[in-house]
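Structural features, examined
Listed here are the chains, written in short residue letters.
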Amino acid sequence: MHKMCSQITVGSSNVGGYPRSGSLVETDWLEANIDNPTLRIFDCSAYFHADPGTGINNWRNGHIPGSAYVDLLEDLSDPDSDLPLMMPTPERFSQVMGGLGLGRGTTAVLYDDTDNICAARLWWMLHASGFNDAVVLNGGWRKWSMEHRRVTREQPGWCKAEFPLQLAPTVFVDKQAVLKNLQTNRALLIDALAPEIFDGSLQRYARPGHIPGSINVPAKALVDSKTMAFLPAVALRKIFSEAGLSVLRPTISYCGGGLAACSVAFALHLLGADNITVYDASLFEWAADPTLPLETGKVER
């Protein structure tokens, strides 16, 4: 990592006690460093069930100074896939992020206006592309607004940059990898959706239920319901442990379309876990295929 990223690690107090606190920054740190010309701040809020353009319009109505809007649903999804939110080709991803001014010598600061799942998604996509100078703003827009910090409607004037693409192919996995894991049981499957979706009492996808062998760690349970900041490390460890996971075990996270799963993966990263992967197509693909197994009901641990 370049010098800027190490400055972030030192400058951001580790209030949560995370082993990898350098991937997370607090609102006070960002406000103090907001004029640093090497920062590239991105609002990556995405809305599945809203009118097209909701994200960019919300950003235009007020955003963190120096931030640009990046559209996960359009610009950073594969246009050739029948599934939403699939990781685009490396060339497309590189073109979009470079066009937004992200390149060598810059650090991406990512936030959203929900519960960090969109910010975690883009962090995971950057990680998959070999760009590790990225941090998530803890609590995002919710916490920033609650603290009455500066807001603007001005647009940043960043120049295009050459995005340094270096793929890390084991970050996202596909259906075949999940099917193989059902046989080997090497990695623990984590369903990041709400408990009622996990147990099948609420159907949101083509079929109800969860992939066999999964545990349920809802992404929403990982953040403070008021500030949307990630819970401290001790609380996160307790949630994963009570669900049946040791942070030392390899994991495959999934959800509906790859947002909440990235938040769970990011939380595990904060806790120092390795061998973390995300099933990118998640239940949008799995539940739509009647030949693939799903289970309903609660899982006793």
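Look above for the structure.
Throughout what follows, the structure given in this document is the object of discussion. (Residues numbered from 1 in each chain as written. Predicted model: local features only at pLDDT ≥ 70, side-chain atom pairs only at ≥ 80, totals over all residues. Heavy atoms only, no water.)

**A short note on the overall build of the protein**
Note the cut-off: Put simply, DSSP marks the helices as runs of H or I at least four residues long and the strands as runs of E at least two long, and each gets a number from the N terminus on. In this description the radius of gyration comes from C-alpha coordinates, and the expected globular size is given by 2.2 Å times residues to the power 0.38. Whether a residue is buried, partly exposed or exposed follows from its accessible area with a 1.4 Å probe, protein chains only, as a fraction of its type maximum: under 20%, in between, or over 50%, in that order. Here a residue-residue contact requires only that any non-hydrogen atoms of the pair lie within 4.5 Å. With residues, only the protein chains shown are counted as cover, and all accessible areas are computed by Shrake-Rupley using a 1.4 Å probe. For the purpose of counting charges, residues Lys and Arg are taken to be positive, whereas Asp and Glu are taken to be negative. His and the chain ends are not included. Think of each charge as sitting on NZ of Lys, CZ of Arg, CG of Asp or CD of Glu.
Along its length, the protein carries 11 helices and 10 strands. Relative to the globule expectation of 19 Å for 301 residues, the C-alpha radius of gyration of the protein, 18 Å, shows essentially globular dimensions. Each principal axis of the C-alpha atoms in the protein carries an extent, and together these give about 50 × 40 × 35 Å. Across the 301 residues in the protein, those meeting the buried criterion constitute 53%. Of the contacts formed within the protein by residues at least 6 apart in sequence, a portion of 78% connects residues at least 24 apart. Accessible area for the protein stands at about 13400 Å²; split by element, carbon and sulfur atoms hold 50% of it. A distance of 4 Å separates the average location of the 25 positive side-chain charges in the protein from that of its 32 negative side-chain charges.

**A closer look at the sheet that holds strand E2 (residues 39-43)**
Backbone hydrogen bonds hold the strands of a sheet together, and the pairing may be parallel or antiparallel. Cut-off, in case you're wondering: When DSSP locates at least two bridges between a pair of strands, those strands are taken to pair.
Taken in spatial order, the 5 strands line up as E1-E5-E4-E2-E3 in an open sheet, and their pairing is parallel. Each edge of the open sheet carries a strand with a single partner, namely strand E1 (24-25) and strand E3 (67-69). Of the strand pairs in this sheet, E2 and strand E4 (residues 107-111) are connected by 5 bridges, and their pairing is parallel. Opposite Arg40, over in E4, you have Ala108 as the bridge partner.

**A few points about the pattern of salt bridges**
To be explicit about the condition: The term salt bridge refers to a pairing of a side-chain nitrogen on Lys or Arg with a carboxyl oxygen on Asp or Glu at a separation within 4 Å.
According to the stated counting rule, one finds 7 salt bridges in the structure shown. Taking the shortest distance from any N to any O, the salt bridge between Arg121 and Asp280 comes out at 2.8 Å. Linking Arg121 in helix H5 (residues 117-128) with Asp280 in the loop between strand E10 (276-279) and helix H11 (282-286), this pair joins segments that are 159 residues apart in sequence. According to the relative accessible area criterion, Asp280 is buried, its value standing at 5%. Between Glu147 and Arg149 there is a salt bridge; the shortest N-O distance is 2.6 Å. Several salt bridges converge on common partners, so that one network encompasses Glu31, Lys143, Glu147 and Arg149.

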